[in-house]
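Reading the structure
The primary structure of each chain is shown beneath.
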Amino acid sequence: MQAITRRLGQHSMRPTPSISSIKSIYPLSDLYYGGDRPRYGSTLASHNGVGHLVRKGTGGRSSVSGIVATVFGATGFLGRYLVQQLAKMGSQVLVPFRGSEDNPRHLKLMGDLGQIVPMKYDPRDENSIKAVMAKANVVINLIGREYETRNYSFEEVNHFMAEQLAVIAKEHGGIMRFIQVSCLGSSLSSPSRFLRAKAAGEEAILKELPEATVMKPAVMIGTEDRIMNQWARFAKKYSFLPLIGDGSSKIQPVYVNDVASAIVAALKDDGTSMGKVYELGGPDIYTMHELAELMYDMIREWPRYVNVPLPIAKALAMPREVLVKKVPFPLPTPEIFNLDQILAFANDTVVSENALAFTDLGVVPHKVKGYPVEFLIQYRKGGPQFGSTVSEKVNPDSYP
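As a starting point, this report considers the structure included with it.

Conventions and cut-offs
- Residues numbered from 1 in each chain as written.
- Predicted model: local features only at pLDDT ≥ 70, side-chain atom pairs only at ≥ 80, totals over all residues.
- Heavy atoms only, no water.
- Helix = DSSP H or I, 4+ residues; strand = E, 2+ residues; numbered from the N terminus.
- Buried < 20%, exposed > 50% of the residue type's maximum accessible area, 1.4 Å probe, protein only.
- Contact = heavy atoms within 4.5 Å.
- Areas by Shrake-Rupley, 256 points an atom, 1.4 Å probe, with all protein chains shown as cover.
- Core = buried A, V, L, I, M, F, W, Y, C linked by side-chain atoms within 4.5 Å.
- Phe/Tyr/Trp six-rings, centres within 6.5 Å; stacked < 30°, edge-to-face > 60°.
- Lys NZ or Arg CZ within 6 Å of the ring centre and 35° of its normal.
- Pairing = 2+ DSSP bridges.
- Axes fitted to C-alpha atoms, helices over the stretch in contact; angles between N-to-C directions.
- Parallel < 35°, antiparallel > 145°, perpendicular 65-115°, else oblique.
- Left-handed = near helix turned anticlockwise from the far one by under 90°.
- Nonpolar A, V, L, I, M, F, W, Y, C, P; charged D, E, K, R; others polar.

1. Focus on the overall build of the protein chain
Helices and strands together make up the secondary structure of the protein chain, namely twelve helices and 13 strands. Residues counted as buried form 48% of the 400 residues belonging to the protein chain. Long-range contacts, defined here as pairs at least 24 residues apart, represent 78% of the contacts in the protein chain between residues at least 6 apart. Accessible area for the protein chain stands at about 19,600 Å²; split by element, carbon and sulfur atoms hold 54% of it.

2. Observations regarding the nonpolar core
Counting residues in each nonpolar core, the largest one holds 42 residues, and the members touching the most others are I140 and I263. If one sorts the elements of this core by residue count, helix 8 (residues 256-268) sits on top with nine residues. Not counting residues up to four positions away in its chain, the partners in contact with I263 are L78, L82, I140, L142, I179, V181 and M215. Within the second largest apolar cluster, 24 residues are counted, among which are W231, A232, V368 and L376.

3. Here's the deal with the packing of aromatic side chains
For the structure on display, the rule yields seven aromatic pairs. Between F77 and Y81 the ring centres are 6.1 Å apart and the planes differ by 85°, which places this aromatic pair in the edge-to-face class. Linking F77 with Y81, this pair stays in helix 3 (residues 77-87), spanning four residues, or about one helical turn. Here F234 and Y238 contribute two aromatic rings whose centre-to-centre distance is 4.6 Å and whose plane-to-plane angle is 45°, an arrangement assigned as tilted. Of this pair, F234 and Y238 both sit in helix 7 (residues 228-238), four residues apart, which is roughly one turn of the helix. By relative accessible area, which is 42% here, Y238 ends up partly exposed. One aromatic cluster in this structure is built from F234, Y238 and F240. Lying over the aromatic face of Y152, R124 brings its terminal NZ or CZ to 4.2 Å of the ring centre.

4. Re the sheet that holds strand 6 (residues 213-217)
With respect to topology, seven strands assemble into an open sheet ordered 3-2-1-4-5-6-11, the strand pairing being parallel. Single-partner strands in this sheet number two, and they are strand 3 (116-120) and strand 11 (277-280). Geometrically, the sheet is characterised by an average inter-axis angle of 20° between neighbouring strands, direction not taken into account. In terms of strand pairing, strand 1 (residues 68-72) meets strand 4 (residues 138-141) through four bridges, oriented parallel. The partner of A69 across the bridge, within strand 4, is V138. This element, helix 4 (residues 126-133), spans strand 1, strand 2 (92-97), strand 3 and strand 4 of the sheet and lies at about 145° to strand 1. Here helix 5 (residues 154-172) sits on the sheet and contacts strand 1, strand 4 and strand 5 (177-181); the angle it forms with strand 5, its principal contact strand, is near 175°.

5. Let's talk about the packing of helix 3 against helix 8
For any two helices packed against each other, one specifies the inter-axial angle together with the distance between the axes. Between helix 3 and helix 8, the least distance of the axes is 9 Å, while the angle of their chain directions is 50°. When the axis of helix 3 is compared with that of helix 8, the two are oblique. Helix 3 and helix 8 meet at a crossing whose hand is right-handed. Here F77, L78, Y81, L82, Q85 and L86 of helix 3 lie close against helix 8, whose contacting residues are V256, N257, V259, A260, S261, I263, V264 and L267. Per-class residue counts for the contact of helix 3 with helix 8 are eleven nonpolar, three polar and no charged.

And the structure:
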């Protein structure tokens, strides 16, 4: 027994390949952040991104990609699609969440055992942010909100939180890539506070981390989206849809899974996307009226609209904006009449002519008309094969 113990002891003193691999993925230092680097020096890789990190396996769910990504905002709309794409290539995903433990539960199924790690944190506590970022080599910030609440303002969520993440990532000592997801149309001169805050967040991040990558997606379409679902629910409940102005403002909606693919493509490149800003819009440009027509066609209801002039729409949305910080209870989430979104959609929101886009990342976006909006069949009257206009508009052989 003593001989066996001695042999085991001798064996334990020699570093095994697996331990060396773990140490290479999780570098240790005397201090958690920047123990072997200048405290305020940027630690992002300057040349090769994370493409060289792929470790072993065929690149599938049970492989080891070498990417350990902290995805802030992973429990949101875009987050679930991004986590799924990261997990299916063998990445470990750290999921910070601040609510119930049930919030990230649906994400755990997307990766292999132990690959999706929910971690409770407080976005106002710097130490808890450092804890969820401690073992990561990639940070992706998806945090954003298009309406205010009693506790969080536009500026805190979309600007100050993003800036804080960049500062902590800069001090971390091992973050190779930082990706900020902003919003198409963000500008410091926008009439929308949301878009102004997003633009300020972009500037703050690029000031701290010039090598960071900024993604600016247009209005995202998908099963859990916040535009087509809202329209369909309103149309089903009230038998009409209010169009702000005359519905002539243009947008370039994009399928949410394509945005997730663009983020993953940026992570897998050789670093060419570092320090760049990408505007991610779909292949087609729609007016708000044309997009509403697409929604009505998919839910198979007769299109009925009420044109609401912009001043009246602002007046209808104003009471919530006035009361949100004054009443001692949370107000309902605004949907159609969200003052900030009314201001944001008052102008055209399309990809700039010379901007970097999907093609520069090697991603071909889906057309919105087709699969990306098929989730709307859930709103059809009588079931997915029926609806009010089924006999007039739809050939039974063309389902769905």
